[in-house]
Amino acid sequence: MELVDGEVKMEVPIGSDAVLVKNLYLSCDPYMRGRMREFLNSYIPPFVPGSVIEGYGVSRVVASNNPNFEVGDLVSGLTGWEEYCLIQKTESLKKIQVEDMPLSFHVGLLGMPGLTAYAGFYEVCSPHKGEYVFVSAASGAVGQLVGQLAKLHGCYVVGSAGTKEKVDLLKNKLGFDEAFNYKEESDLNVALKRYFPQGIDIYFDNVGGRMLDAALLNMRLHGRIAVCGVISQKGTFDVEGIKNIFALISKRVRMQGFLQSDYLHLFPQFLSFIIDHYKKGKIVYIEDMHEGLESAPAALVGLFSGKNVGKQVVCISPD
Ligand code: NDP
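These figures come from a predicted structure and were not determined experimentally.

### Things to note about the overall build of the protein chain
Then, in step 1: Scanning the protein chain from N- to C-terminus turns up 9 helices and 13 strands.
Then, in step 2: Relative to the compact-globule value of 20 Å for 319 residues, the protein chain shows a C-alpha radius of gyration of 20 Å, a close match.
Then, in step 3: Overall, the protein chain is about 65 × 40 × 35 Å in size when its C-alpha atoms are taken along their principal axes.
Then, in step 4: Scored against the burial criterion, the 319 residues of the protein chain give a buried share of 42%.
Then, in step 5: Long-range contacts, defined here as pairs at least 24 residues apart, represent 64% of the contacts in the protein chain between residues at least 6 apart.

### Focus on the nonpolar core
Then, in step 1: One finds Y25, V133, V146, I200, F204 and A215 to be the most contacted residues of the largest nonpolar core, which totals 77 residues.
Then, in step 2: Examining the composition of this core, we find that 7 residues originate from one element, helix α2 (residues 112-124), more than from any other.
Then, in step 3: Discounting chain neighbours no more than four positions away, the residues touching V133 are A150, C155, Y156, V157, D201, I202 and F204.
Then, in step 4: Grouped together as the second largest cluster of nonpolar side chains are 10 residues, L20, V21, F69 and I87 included.

### Digging into the site of the ligand
Then, in step 1: With respect to spatial proximity, 29 residues lie near the ligand, and among them G140, G162, G229, S232 and G306 are the closest.
Then, in step 2: By residue class, the composition of the shell around the ligand is 14 nonpolar, 12 polar and 3 charged.

### Side note on the environment of Y84
Then, in step 1: Summarising the element assignment, Y84 is placed in strand β4 (residues 84-87).
Then, in step 2: Judged by C-beta crowding, with 19 C-beta atoms within 10 Å, Y84 ranks as partly exposed.
Then, in step 3: For the pair Y84 and K9, spaced 75 residues apart in sequence, the C-alpha separation works out to 9.3 Å.
Then, in step 4: If we ignore the near neighbours within four places in the chain, the residues touching Y84 are V8, L20, V21 and K22.

### Some remarks on the sheet that holds strand β7 (residues 156-161)
Then, in step 1: Pairing within the open sheet is parallel, and its 6 strands lie in the order β8-β7-β6-β9-β10-β11. The open sheet has two free edges, formed respectively by β8 (178-181) and β11 (254-257), since each of these has just one partner strand. Neighbour-to-neighbour, the strand axes of the sheet open up by a mean angle of 15°, direction not taken into account.
Then, in step 2: The pairing of strand β9 (residues 200-205) with strand β10 (residues 219-227) spans 5 bridges and is classified as parallel. Bridge pairing in β10 places I202 opposite R224.
Then, in step 3: Along the sheet face, helix α3 (residues 143-152) touches β6 (132-135), β7 and β9 and points at about 165° away from the line of β7.
Then, in step 4: The strands touched by helix α4 (residues 164-172) are β7 and β8; relative to β8, the strand with the most contacts, the crossing angle is about 175°.

### Observations regarding the packing of α2 against α3
Then, in step 1: For the pair α2 and α3, the least separation of the axes is 8 Å and the interaxial angle reads 40°. When the axis of α2 is compared with that of α3, the two are oblique. Crossing of α2 over α3 shows right-handed handedness. Across from G114, A117, Y118, G120 and F121 in α2, the residues of α3 making contact are L145, V146, L149 and A150.
Then, in step 2: The residue inventory of the contact of α2 with α3, partitioned by class, reads 7 nonpolar, 2 polar and no charged.

### Some details on the environment of Y122
Then, in step 1: With respect to the helices, strands and loops of the structure, Y122 is situated in helix α2.
Then, in step 2: A residue is classified by how many C-beta atoms lie within 10 Å of it, and Y122, with 17 of them, is partly exposed.
Then, in step 3: Counting along the chain gives 31 residues from Y122 to H153, while the straight-line C-alpha distance between them is 9.6 Å.

### Here's the deal with the pairing of β7
Then, in step 1: Counting buried residues along β7, 5 of its 6 residues qualify, which places the element largely inside the surrounding structure.
Then, in step 2: Sheet topology places β6 next to β7; 4 bridges connect them, and they run parallel. Bridging across to β7, V133 finds its partner in V157.
Then, in step 3: Viewed along the sheet, the connection from β6 through α3 into β7 turns out right-handed.

### What about the packing of helix α5 (residues 188-195) against helix α6 (residues 209-217)?
Then, in step 1: Interaxial distance between α5 and α6 falls to 9 Å at its minimum, and their mutual angle equals 50°. Comparing their axes, α6 and α5 come out oblique. Crossing hand, α5 versus α6: right-handed. Residues L188, N189 and L192 of α5 form the contact with α6, whose own contacting residues are R210, M211, A214, A215 and L217.
Then, in step 2: When grouped by side-chain class, the residues that make up the contact of α5 with α6 number 6 nonpolar, 1 polar and 1 charged.

### Describing helix α8 (residues 267-279)
Then, in step 1: Taking 1.5 Å of rise per residue, 13 residues should cover 18 Å, and α8 covers 18 Å from first to last C-alpha, within 8% of that figure.
Then, in step 2: Buried within α8 are the following residues: F270, L271 and I274. Buried residues of α8, seen end-on, are gathered within an arc of 95° and therefore sit on one face of the element. Among the exposed residues of α8, those oriented more than 90 degrees off its buried face are P268, Q269, S272, D276 and K279.
Then, in step 3: Buried positions along α8 lie against α2.

Cut-offs used in this document
- Residues numbered from 1 in each chain as written.
- Predicted model: local features only at pLDDT ≥ 70, side-chain atom pairs only at ≥ 80, totals over all residues.
- Helix = DSSP H or I, 4+ residues; strand = E, 2+ residues; numbered from the N terminus.
- Rg over C-alpha atoms; globule rule 2.2 N^0.38 Å.
- Buried ≥ 20, exposed ≤ 12 C-beta atoms within 10 Å, placed from the backbone.
- Contact = placed C-beta atoms within 7 Å.
- Core = buried A, V, L, I, M, F, W, Y, C linked by C-beta atoms within 7 Å.
- Near = placed C-beta within 6 Å.
- Nonpolar A, V, L, I, M, F, W, Y, C, P; charged D, E, K, R; others polar.
- Pairing = 2+ DSSP bridges.
- Axes fitted to C-alpha atoms, helices over the stretch in contact; angles between N-to-C directions.
- Parallel < 35°, antiparallel > 145°, perpendicular 65-115°, else oblique.
- Left-handed = near helix turned anticlockwise from the far one by under 90°.
- Right-handed = clockwise from strand over helix to strand, strands pointing away.
- Expected span 1.5 Å × (residues − 1).
- Arc of directions from axis to C-beta.

The structure is reproduced here in structure tokens:
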């Protein structure tokens with residue numbers, strides 16, 4: 001990635017319905033790594049080398065010919081990793097109507113990762129009160145909300161994360177019943193047996209790889225595995241060492257991959273549920289905020305070694 005200076009024309013070309021925005025917050029998301037290479041079976045096209053990186057952001061409209069957006073509107077959606085961006089494809093842009101929540105939450109708790117947690121947990125995991133739930137990458141943008149939703153649903157919830165600081169957050173701030181540092185475990189199967197002596201009903205899988213293989217061995221009869229992401233597989237998308245698929249048959253487990261974009265119809269109900277619970281203090285959300293466009297590449301790369309503590313956001317300008 002390269003940081004380039006350029007001039008901004010503070011206007012929208014005549015005849016175009018693009019909008020010119022000033023970016024306030026940019027989101028770093030693991031799927032962006034997948035856009036940095038050709039991958040035939042991907043659900044999203046690769047970035048074009050030499051062009052501006054695209055990602056979710058929160059922005060303020062500074063010029064518009066588009067009837068749906070006025071100067072001054074706050075919007076969230078896909079934007080460029082720049083201070084000002086002329087957005088040609090405005091389909092993903094949503095006007096931000098919620099005034100009393102942190103603006104950066106619109107790329108986290110109230111945005112794509114939040115919807116992923118909400119749809120993944122309620123729609124894919126088919127949860128029941130009292131069930132045993134395991135979440136990997138549990139302190140991240142998606143995982144921290146999944147765990148809290150599972151607790152609100154009356155489940156027993158254990159999370160895994162890669163540092164002691166994250167484990168402490170899971171137990172002391174995010175309300176998980178238990179948490180462990182997977183990097184300190186020589187045998188993940190043994191670790192899961194320690195935390196789930198009775199087995200796992202729901203595994204919300206953010207990482208794939210070795211953890212998925214160990215979880216397979218610990219699933220209960222008619223358990224569910226929501227395959228949300230495979231970040232441990234280092235961008236190869238190979239099924240690294242998955243040996244225990246037979247457990248799906250013997251335990252009649254349902255394993256389902258999903259994309260949050262299939263659940264956009266749930267967005268209004270998701271938003272009102274989360275805002276209501278956040279305002280009542282029943283949900284908290286941890287962000288890891290970096291400052292300035294120049295810090296964005298390192299913030300993105302940091303996701304893949306677990307440097308982020310909570311949702312990784314880059315503040316370009318607070319207003
Ligand atoms: P996070 O905020 O959780 O950040 C990524 C985290 O992954 C890191 O902090 C790190 O936490 C963990 N991680 C990195 N490398 C490894 C590894 N080798 N093994 C285990 N854990 C690792 O990201 P998100 O919450 O935004 O995303 C979580 C997952 O959900 C990702 O796989 C992502 O691709 C997926 N996703 C899927 C969506 C969908 O629609 N299906 C939508 C959004 C996200 P730690 O320190 O704990 O290792």
